[in-house]
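# Summary of the model geometry
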Amino acid sequence: QVQVVESGGGLVQSGGSLRLSCAVSGTIFSTYAMNWYRQAPGKQRELVAGIDSSGSTNYADSVKGRFTISRDNAKNTVYLQMNSLKPDDTGVYYCYARRDVFNKYWGQGTQVTVSS
């Protein structure tokens, strides 16, 4: 059974930093593209950053230059380093693992709150 578990969320002041982690178990992690999404209250879930199995990355315009996604295949973990946080970054952050249409999994989410 595949499990996707996020951690590292919390409350931080504007301008601060957090690092989110997402651990995947029960499958061959290195074959998956990994993505971070977030959902703010009253808004749709949006893609924040992604990293494919080869290590290529992509970011939402709103986080470019502030967030960095990385993966450690030896630890079956993907990270999201978030710097220069803003109140608009507040939301529940979800990890999404996808290999193909039959193999895609969401985590339960971790709350990030940025105070002004």
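A short tour of the structure in this document, coming up. (Residues numbered from 1 in each chain as written. Predicted model: local features only at pLDDT ≥ 70, side-chain atom pairs only at ≥ 80, totals over all residues. Heavy atoms only, no water.)

### With respect to the side chain of R71
Definition in use: Counting from the N terminus, the helices are the DSSP runs of H or I reaching at least four residues and the strands are the DSSP runs of E reaching at least two. In protein, a polar contact requires one atom able to donate a hydrogen and another able to accept it; more generally it is a pair of N or O atoms within 3.5 Å, and residues adjacent in sequence count only if both atoms are side-chain atoms. What makes two residues a contact is simply this: any of their non-hydrogen atoms within 4.5 Å.
Among the secondary structure elements, R71 is positioned in strand β7 (residues 67-72). In terms of polar contacts, R71 uses its side chain to reach the backbone carbonyl oxygen of Y32, at 2.8 Å. Within polar-contact distance, the side chain of R71 engages the side chain of N73 at 3.0 Å. Contacts of R71, omitting those with residues within four sequence positions, involve F29, S30, Y32, A33, M34, I51, D52, S53, T77 and V78.

### Some words on the environment of S21
If you trace the backbone, S21 turns up in strand β3 (residues 18-25). When the C-alpha positions of S21 and Y79 are compared, they lie 4.6 Å apart, and in sequence the two are 58 residues distant. Those residues in contact with S21 that lie beyond four places of it in its chain are V5, E6, S7, W36, T77, V78 and Y79.

### Regarding the environment of L47
The line we're drawing: Note on classification: 1.4 Å probe, protein chains only; a residue is buried when its accessible area is under 20% of the maximum for its type, exposed when over 50%, partly exposed between these limits.
Inspection of the secondary structure assignment puts L47 in strand β5 (residues 46-51). Using a relative accessible area of 33% as the deciding quantity, one classes L47 as partly exposed. For L47 and L80, which are 33 residues apart along the polypeptide, the C-alpha to C-alpha distance reads 13 Å. The residues touching L47, leaving out its near neighbours within four places in the chain, are N35, W36, Y37, N58 and A60.

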